[in-house]
Each structure stands twice: as structure tokens, then as C-alpha cells.
Amino acid sequence: CPFSSRGAGVSLAEVGVAVRVGDRVRVIRAMDQLYASAIAQPIDEARGSVLLFLAVVAAAQLEAGTRKPLHRFQLEAARALDKARSTDQVVALAKKLGEEILGDLLEEKAPTDMLINRALNLVERNFGRHLTDEDVAQQLSLSTSHFRHLFKQATGQPFHQYLISLRLEKARVMLTEQGLPVSEVARTVGFQSPAHFSRAFQKRFGVAPNAIRTGVRASG
């Protein structure tokens, strides 16, 4: 599977989160996984992997409030891939379509990507704890100001904004997939106040966290 989370891999669920929070490093890594897998797959499976990836990206962008005409994009992508006659052509189309739908999230890799990747992994492991850009910069042996500049350059947003976005994305997964109490979710993802968490959650997703949890319980 091109979207295995084993080792340094990026799962499909992580692709959606990376797109919504603007994690360029993880998106680029997922694209690299897709290319490597597609070239080794039978052509029908390669087409399917590319379409699945594009569908996850489109869904994430829609949830983030994009105004792009994504339904038309997906139809045209499916038609183009159906005309491909080799896996090389499928991979070439994947790169073209990926650049079209992801835009600046696929900017050319910078020499600092390895450092930022380490930073993102630190955040991924510790997002529920008290974590500041000073803490991460120190672990990377960088000055805080230099780290702030590199992080915003790589992700397109300040560290604190990225951290809050990631916490809220993780919280939504906990609420929709596990139906945990809102206060427990708020504490787990790093919010000291359930009220602050609820306000931030509703601002990002347009719905109160308790409404999502209630919906999950009602459908269960």
C-alpha cells in the first residue's frame, strides 16, 4: 500500500490532516510514496492509488473551505488517467495533477526540510503536552528566531498556529471515531480549558465538539 504509516510513511488519514494544516513536508513525503508505489504497481492499481490520493486531498480541501471546482477536477483527472497506457504515464499525470490541486504545498524542497521534518515529528509525538517553539528550537539546536523563520517558510504558518490546528484535527478524530467526552479530548490534545477548546473547535469546524460526539453516539 502506498499510504502505509509504518516507519516514516504517511497514512491516508495523515494526508488529509497534512493538507488541512498546511504541512508541506508531510504532503511532499506522501507524494513521493505515491510515485514510488505507482511505478511498481500494475497500471490499474496505479490509477486507483492516484485517484484515491486525489480524492483524499480534495475532501481535505473542501473541509478546509476551498472554493476550487474540485468535482470537475476529479472527473477530468479520472478521464486523463484512464487514457494512460503505462505506469510511467500514470506517474507523470500524478505529478501534474498533484501540482495542480496542491499548489504551493508542493514547492521545491528546501535544504532545511530535514530539520523541519524532525520538528514536525516532535510535534506529532508531543502535541498534547505543553510545547512551545522555544522547546522545539532547543531540541534542534537552533535559535528560536531562526527556527520560527524556517518553520513558517516550510509550513506556511507560525508554529503556534500549526500546533493549534493539529490539536484540533486530532480532537476531531477522537470525537468522531471514539466518541470520547469533550473534556477528556480537550485535555488529551493539550487544551487547559474545555471552554477554550470548544470555542477554538467551533471556529475551525463550524460545529460544537459536543454536537459531533452526540452525533456519533446517536448513530452507534
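Keep in mind that this is a model prediction, so the values were computed, not measured. (Residues numbered from 1 in each chain as written. Predicted model: local features only at pLDDT ≥ 70, side-chain atom pairs only at ≥ 80, totals over all residues. Heavy atoms only, no water.)

Give a description of the overall build of the chain that names residues and reports values.
Looking only at helices and strands, the chain features twelve helices and zero strands. Rg of the C-alpha trace for the chain: 19 Å, near the compact-globule value of 17 Å for 220 residues, within the 12% margin. For the chain, the C-alpha atoms occupy an extent of roughly 55 × 50 × 30 Å along the three principal directions. Partitioning the contacts of the chain with sequence separation of at least 6, the portion at a separation of at least 24 is 64%. For the chain, the accessible surface area stands at approximately 11,700 Å², while carbon and sulfur atoms represent 52% of it. In the chain, which carries 29 positive and 22 negative side-chain charges, the distance between the mean positions of the two groups comes to 5 Å. (Helix = DSSP H or I, 4+ residues; strand = E, 2+ residues; numbered from the N terminus. Rg over C-alpha atoms; globule rule 2.2 N^0.38 Å. Contact = heavy atoms within 4.5 Å. Areas by Shrake-Rupley, 256 points an atom, 1.4 Å probe, with all protein chains shown as cover. Lys, Arg positive; Asp, Glu negative; His and termini not counted. Charge placed at Lys NZ, Arg CZ, Asp CG, Glu CD.)

Give a detailed account of the environment of H130, specifying residues and quantitative values.
Looking at the element boundaries, H130 is found in the loop between α6 (113-126) and α7 (133-139). As a C-alpha pair, H130 and Q192 span 62 residues in sequence and 9.6 Å in three-dimensional space.

An account of the nonpolar core is needed here, citing residue identities and associated values.
Ranked by internal contacts, the top residues of the largest apolar core, which has 38 residues, are V136, F147, F159, L168, F191, F197 and F201. Those elements giving two or more residues to this core turn out to be α1 (12-21), α6, α7, α8 (144-155), α9 (159-178), α10 (182-188) and α11 (194-205). Ranked by the residues each element gives to this core, the list is headed by α9, at nine residues. Look past the residues within four positions of F201 in its chain and what remains in contact with it is L168, A171, R172, L175, G206, V207, A208, P209 and I212. V15, A46, L102 and L106 belong to the second-largest nonpolar core, a separate cluster that totals 33 residues. (Core = buried A, V, L, I, M, F, W, Y, C linked by side-chain atoms within 4.5 Å. Buried < 20%, exposed > 50% of the residue type's maximum accessible area, 1.4 Å probe, protein only.)

Before we move on, can you summarise helix α3 (residues 43-63) with the specific residues and values?
Every α-helix carries 3.6 residues per turn, so stepping three or four residues along brings you back to the same face. Between its first and last C-alpha atoms α3 spans 30 Å; for 21 residues at 1.5 Å apiece the expected length is 30 Å, and the two agree. Those residues of α3 that sit buried are A46, R47, S49, V50, F53, L54, V57, A58, A60 and Q61. Buried residues of α3 fall within an arc of 165° about the axis and therefore sit on the same side. In this structure, the buried residues of α3 make contact with α1, α2 (24-40), α4 (70-83) and α5 (87-102). G65 sits one or two residues past α3 and shows a positive phi near 95°. (Expected span 1.5 Å × (residues − 1). Arc of directions from axis to C-beta.)

Pulling in residues and values, what's your account of the side chain of T155?
Within the secondary structure, T155 sits in helix α8. Residue class for T155 comes out buried when judged on its relative accessible area of 4%. Among the polar contacts made by the side chain of T155, one reaches the main-chain carbonyl oxygen of Q157 at a distance of 3.1 Å. T155 has contacts with G22, R24 and L120, leaving out every residue within four places of it along the chain. (Polar contact = N/O pair within 3.5 Å; in protein donor to acceptor, adjacent residues only side chain to side chain.)

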